[in-house]
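Survey of secondary and tertiary structure
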Amino acid sequence: MGWIAIRRDHGGIVFVDLRDLEGLTQIVFDPQINSDAHRLATDLRSEFCIGIRGKVRSRPDGMMNSNLLTGEIEVEATHLEIFNTSPTPPFPIEDGITTNEMVRLEHRYLDLRRPEAKKPILIRAKLTHFIRKFLEDRNFYEIETPFLTKSTPEGARDYLVPSRLYPGQAYALPQSPQLFKQLLMMAGFERYFQIARCFRDEDLRADRQPDFTQLDLEMSFITQDRLFALMEELWAYLWKEILGVQIATPFVRMKYADVVEQYGSDKPDLRLDWKLTTVTDIFAQSGFKVFKDCVDQKGLIQTLKVPGGAELSRKELDELTPFAKNYGAKGIAWIKINKIEDLNEGWQSPISKFLTDAEKKALQDRTQLKTGDLLVFCADKKKVVADSLGNIRLELGKKMKATKTDEWKFLWVIDFPLFQWDEEGKRWVSEHHPFTSPKAEFVDTFFSDPGKTISDSYDLVLNGMEMGSGSIRIHNPDLQSKVFELLKLSAEEAREKFGFLLDALSYGAPPHGGVAFGVDRIAMVLSKGESLREVIAFPKTQRGQCPLTKAPSMIDAEQWKDLHLKLSPQV
Ligand code: ASP
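In what follows, the accompanying structure is described. (Residues numbered from 1 in each chain as written. Predicted model: local features only at pLDDT ≥ 70, side-chain atom pairs only at ≥ 80, totals over all residues. Heavy atoms only, no water.)

All of the buried residues along helix α7 (residues 256-263) are Val259, Val260 and Tyr263. Taken end-on, α7 shows its buried residues confined to a sector of 100 degrees, consistent with a single buried face. For α7, the elements touching its buried residues are β11 (252-255), β12 (276-278), α12 (382-399) and β17 (410-414). Positive phi appears at glycine 264, one or two residues downstream of α7, with a value of about 65 degrees. (Buried < 20%, exposed > 50% of the residue type's maximum accessible area, 1.4 Å probe, protein only. Helix = DSSP H or I, 4+ residues; strand = E, 2+ residues; numbered from the N terminus. Arc of directions from axis to C-beta. Contact = heavy atoms within 4.5 Å.)

Written out as structure tokens, the structure reads:
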């Protein structure tokens, strides 16, 4: 049984390549063998769904096809049944096509008949299978949590489902199962997991889906060290089972402050070993006004050393400034080290004349500079410098082919700040979510010095992608209330929104913690794909629409009425 991939007529004999989930097989309809089947076969067209019966035989000498897994055999058909016909499909059902993605998504059921489109979906099925196997063998229980629920703050906007039975009220779709998984710990399940759908109404950035899937985990009586060890074992198991690759454990761990300083990003791609160096102090008395002004305004000056970067052209270097402007930088300076010992001619740069020999020597010492290297500078506010040089690092790494594309570089980023200052709202907000615990040594001081408080939270980064994050949670109701207070939630609001959590915490809640990984992203990485849409059977576009079903779509007047809602006249 299968679909017609190709049909050929050769001197009265019909050949068909029959496609099914496993691959292609050649079928031969010979009037000498069965004239009825042969007659019917002359009507076959691409994508007809058929069943045949027949005999498997070796292909005659010289007719073998070594490019095909079944290239040594063919099936001599004695019966043919046409289950269904098909019009000519809107694009060829084969690998390597260049058809526009929108057209393919509109006919996703046809797109997925193509082996290369099917493969990532099958890898994803394998992934979830092995996740379940690993976790169930280690006493985790898979427990579902509700979709129609109350808001769970993960920093995005909620999708709301207005209630028909309760006018003016709405459910929220979960941004994550965060609070439910914590409640499961309070209910004594000890080890929970779920392959959970999450919903976040975000402004759609590149490669995000409004509904996506997390591997969500929570454990009681767990420490960060034990959680890391168990999760590393899980990742190594998945890589071994699915890719046959041995990955090195334990994973590298770095503090948030250090990764940002050294790589200009909290999800650095460690396949590239270039680092940023802070050089603000070297230019404290600089004759170069841009640097001096930056020092006076308590800004940051950093440099990225690009080994071998002196070979880049003037044009390539000039392009760095407009590139960095996207990240808020006013400008980028650079020095090509053509001859390290010649501090004048050998240090080629538009700013060379403003730098003293002592400054150059200091740069050389601090960055371990060599002939052939390039230094790229940014002087600005901390975030602008990090974003600009962090992205220049990635860009030049790609351009100079210095990023090792065949490596798996896992990294735990630890010790995130607990809070971030929100300039617009003039208040502190959670860096992770409000249920994350401060590290033990900050429990007594976080309220008076929120900016300095380090949390017990962590991210897992792989090759520059954030694969997931988690934390040890607050299990003390008073501490949780204090955090709400710091976040400027009044006691009444805290009760109204999170009363159930505060109550549950008061009944002997166990210490607990967990993590959630992006399943779509893991599947994408494992299938070496370029977009999340490839690993989702029915994905949405970057604008959050489903080209197949045409969701979202208008709803009729009756439905608005049922929900006690009115469409505003502007729409
Ligand atoms: N719920 C968190 C998130 O979605 C993950 C966690 O803290 O376990 O990022």
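What follows deals with the packing of aromatic side chains. Applying the stated criterion across every chain, the model contains 26 aromatic pairs. An aromatic cluster is present here, built from Phe228, Trp235, Trp239, Phe251, Trp408, Phe410, Trp412, Tyr458 and Phe517 joined pairwise through their rings. Of note, arginine 138 hangs over the ring of phenylalanine 134, and the distance from its end group to the ring centre comes to 3.6 Å. Sitting above the plane of the phenylalanine 447 ring, lysine 482 keeps its charged end 4.5 Å from the centroid. (Phe/Tyr/Trp six-rings, centres within 6.5 Å; stacked < 30°, edge-to-face > 60°. Lys NZ or Arg CZ within 6 Å of the ring centre and 35° of its normal.)

Note on sheets: strands pair through backbone hydrogen bonds, and any given pair is parallel or antiparallel. Strand order in the closed barrel formed by five strands is β1-β2-β3-β5-β4, with mixed pairing between adjacent strands. The average undirected angle you get between the axes of adjacent strands in this sheet is 40 degrees. The sheet contact formed by strand β4 (residues 49-58) and strand β5 (residues 73-84) spans 10 bridges and is antiparallel. Along β5, the bridge assignment pairs glycine 54 with alanine 77. (Pairing = 2+ DSSP bridges. Axes fitted to C-alpha atoms, helices over the stretch in contact; angles between N-to-C directions.)

Our focus in this paragraph is the pattern of salt bridges. As enumerated under the stated definition, the model contains 38 salt bridges in all. Close ionic contact of glutamate 116 with arginine 114 constitutes a salt bridge, the shortest N to O distance being 2.9 Å. Linking glutamate 142 and arginine 132 is a salt bridge whose minimum nitrogen-to-oxygen distance equals 2.7 Å. With glutamate 142 in strand β6 (residues 141-142) and arginine 132 in helix α4 (residues 115-136), this residue pair connects regions lying 10 residues apart in the sequence. (Salt bridge = Lys/Arg side-chain N within 4 Å of Asp/Glu carboxyl O.)

Moving on, we get to the sheet that holds strand β16 (residues 374-380). Strand order across the open sheet formed by five strands is β12-β13-β16-β14-β15, with antiparallel pairing between neighbours. The open sheet has two edge strands, β12 and β15 (347-348), and neither has a second partner. Judged from the two bridges that link them, strand β14 (residues 333-337) and β15 form a sheet pairing that is antiparallel. Note on β15: the bridge partner recorded for isoleucine 337 is tryptophan 347.

Let us now look at the packing of helix α6 (residues 224-243) against helix α15 (residues 519-526). Remark: α6 packs on α15, axes separated minimally by 11 Å, with the N-to-C direction vectors making an angle of 45 degrees. Regarding the angle of α6 to α15, the classification is oblique. As for how α6 packs across α15, the hand of that crossing is right-handed. For the pair α6 and α15, contact is made by Trp235, Trp239, Ile242 and Leu243 and by Ile522, Val525 and Leu526, respectively. (Parallel < 35°, antiparallel > 145°, perpendicular 65-115°, else oblique. Left-handed = near helix turned anticlockwise from the far one by under 90°.)

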